[in-house]
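Chain by chain, the residues:
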Protein chains: 2
Amino acid sequence: MNALPEANDIRGYYFKDLSVGMTDSYAKAINKTNSVLFAGISGHVNPIQLNEEFPTETMLEVSIAHDMLTTSFISTVLGTELPGHGCIYLRQDLHFFAPVRPSDPVHSQITITDVNAKKIRVYADTVCRVGETSVVEEEASLFVPNRRKADAA
Amino acid sequence: MNALPEANDIRGYYFKDLSVGMTDSYAKAINKTNSVLFAGISGHVNPIQLNEEFPTETMLEVSIAHDMLTTSFISTVLGTELPGHGCIYLRQDLHFFAPVRPSDPVHSQITITDVNAKKIRVYADTVCRVGETSVVEEEASLFVPNRRKADAA
């Protein structure tokens, strides 16, 4: 008789399984519901994101999406796909190149650029694109375990 | 007879009104509802945040909050208080020092460190604390307009 499957298997990679050039991505369209919910849970209730009539009061011409909602899609890839569940965020540098509009489809991609065995650190290029335009770029630094805690004793 | 008030007045500061040392903050406790909603809108559905039984499968010992939910509180201060509504994010560097637990109260604070008139850039120290512990630190770089678009013609 087989054992019951684990309710949540670890998805992703251990440190030893990672190598330079591995890449993964996540895509999602921002929408009004996302923006309203994000405003509520973050407290970022800014009419630039929430009131389409407001941006002309500022230097912007149109409503934009919350930058931190866009960049959350980077952490989605890191935390759920590559490296995956066990990784721990150490740094994330974000360079914003262009605004994202409230209905834009955002494509986030991470590519591993360095696997440093001495420091037990993984570095990755992180980018969000809308179409061919890079809207957010920069680098992430992560700790990735080499085994399950249960196996480390 | 007075004119009707604007539905959304601009809240915050123009570039010329900012100076080094100005500071503002926002505090909010992470909770389970926030985490579940954030997972849904970001796609970051990781059992480390969502299943309290899971973290022992990893190197972590307890559930943690989404890092990008914690750091969103920095953008809340920047976008709604200081500099406020009209500012545009150029860079945000994030250094994660300690995990945030799902019910932790997070206190985010930003302090202006440089107002560069030549580049029309504002730089700010950005920090999130849980109690006395810094959980996220680093720097933001922003563009802040000097007047309303409507007045710039």
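Keep in mind that what you see is a predicted model, and the values were worked out from it rather than measured.

Chemist: Could you clarify how one ought to interpret the overall build of chain A in this entry?
Modeler: Scanning chain A from terminus to terminus reveals 4 helices and 5 strands. Looking at chain A as a whole, 48% of its 153 residues qualify as buried. When contacts within chain A are restricted to residue pairs at least 6 apart in sequence, long-range pairs at least 24 apart make up 66% of them.

Chemist: Where do I start with the nonpolar core in this structure?
Modeler: Note on soluble globular proteins: their nonpolar side chains tend to be buried together. In terms of nonpolar packing, the biggest core is built from 62 residues, with A:Ile74, A:Tyr89 and B:Tyr89 touching the most fellow members. B:Tyr89 has contacts with A:Asp67, A:Met68, A:Phe96, B:Ile74, B:Ser75, B:Leu78, B:Ala140, B:Ser141 and B:Leu142, leaving out every residue within four places of it along the chain.

Chemist: In this structure, what is going on with the sheet that holds strand S5 (residues 133-143) of chain B? I would like to understand it.
Modeler: Strands pair in a sheet through their backbones, by hydrogen bonds, and they do so in one of two ways: parallel or antiparallel. The 10 strands lie next to each other as S1(A)-S3(A)-S4(A)-S5(A)-S2(A)-S2(B)-S5(B)-S4(B)-S3(B)-S1(B), forming an open sheet whose pairing is antiparallel. Every other strand in the sheet has two partners, leaving strand S1 (23-29) of chain A together with strand S1 (23-29) of chain B as the edge strands with one partner each. Taken over all neighbouring pairs, the strand axes of this sheet differ in orientation by 20 degrees on average, direction set aside. Each of strand S2 (88-96) of chain A together with S1, strand S2 (88-96), strand S3 (105-116), strand S4 (121-130) and S5 of chain B is contacted by helix H3 (residues 67-80) of chain B, which is oriented at about 140 degrees to S2(B), the strand it contacts most.

Chemist: Please clarify how helix H1 (residues 32-42) of chain A should be interpreted in this entry.
Modeler: Along H1(A), the residues that are buried comprise A:Asn34, A:Ser35, A:Phe38, A:Ala39, A:Ile41 and A:Ser42. Contacts made by the buried residues of H1(A) are with S1, helix H2 (47-50) and helix H3 (67-80) of chain A together with S1, helix H1 (32-42) and H3 of chain B. The backbone nitrogen of A:Thr33 has a side-chain oxygen 3.1 Å away, supplied by the residue at the start of H1(A), namely A:Asn31. Phi for A:Gly43, located one or two positions after H1(A), is positive at around 80 degrees.

Chemist: What is the right way to look at the pattern of salt bridges in this model?
Modeler: A side chain with one charge can pair with a side chain of the opposite charge if their charged atoms come near. One pass over the full model with this rule turns up 8 salt bridges over all chains. Here A:Arg11 makes a salt bridge to A:Glu81, at a shortest N to O gap of 3.3 Å. Of this pair, A:Arg11 sits in the segment before S1 while A:Glu81 is found in the loop between H3 and S2, placing the two residues 70 residues apart along the sequence. Classification of A:Arg11 by relative accessible area gives partly exposed; the value is 40%. Taken together, the shared-partner salt bridges connect A:Arg91, A:Asp93 and B:Glu138 into one network.

Rules of the game
- Residues numbered from 1 in each chain as written.
- Chains lettered and ligands numbered in written order.
- Predicted model: local features only at pLDDT ≥ 70, side-chain atom pairs only at ≥ 80, totals over all residues.
- Heavy atoms only, no water.
- Helix = DSSP H or I, 4+ residues; strand = E, 2+ residues; numbered from the N terminus.
- Buried < 20%, exposed > 50% of the residue type's maximum accessible area, 1.4 Å probe, protein only.
- Contact = heavy atoms within 4.5 Å.
- Core = buried A, V, L, I, M, F, W, Y, C linked by side-chain atoms within 4.5 Å.
- Pairing = 2+ DSSP bridges.
- Axes fitted to C-alpha atoms, helices over the stretch in contact; angles between N-to-C directions.
- Polar contact = N/O pair within 3.5 Å; in protein donor to acceptor, adjacent residues only side chain to side chain.
- Salt bridge = Lys/Arg side-chain N within 4 Å of Asp/Glu carboxyl O.

Fair warning: the whole summary comes from geometry, so function is off the table for now.
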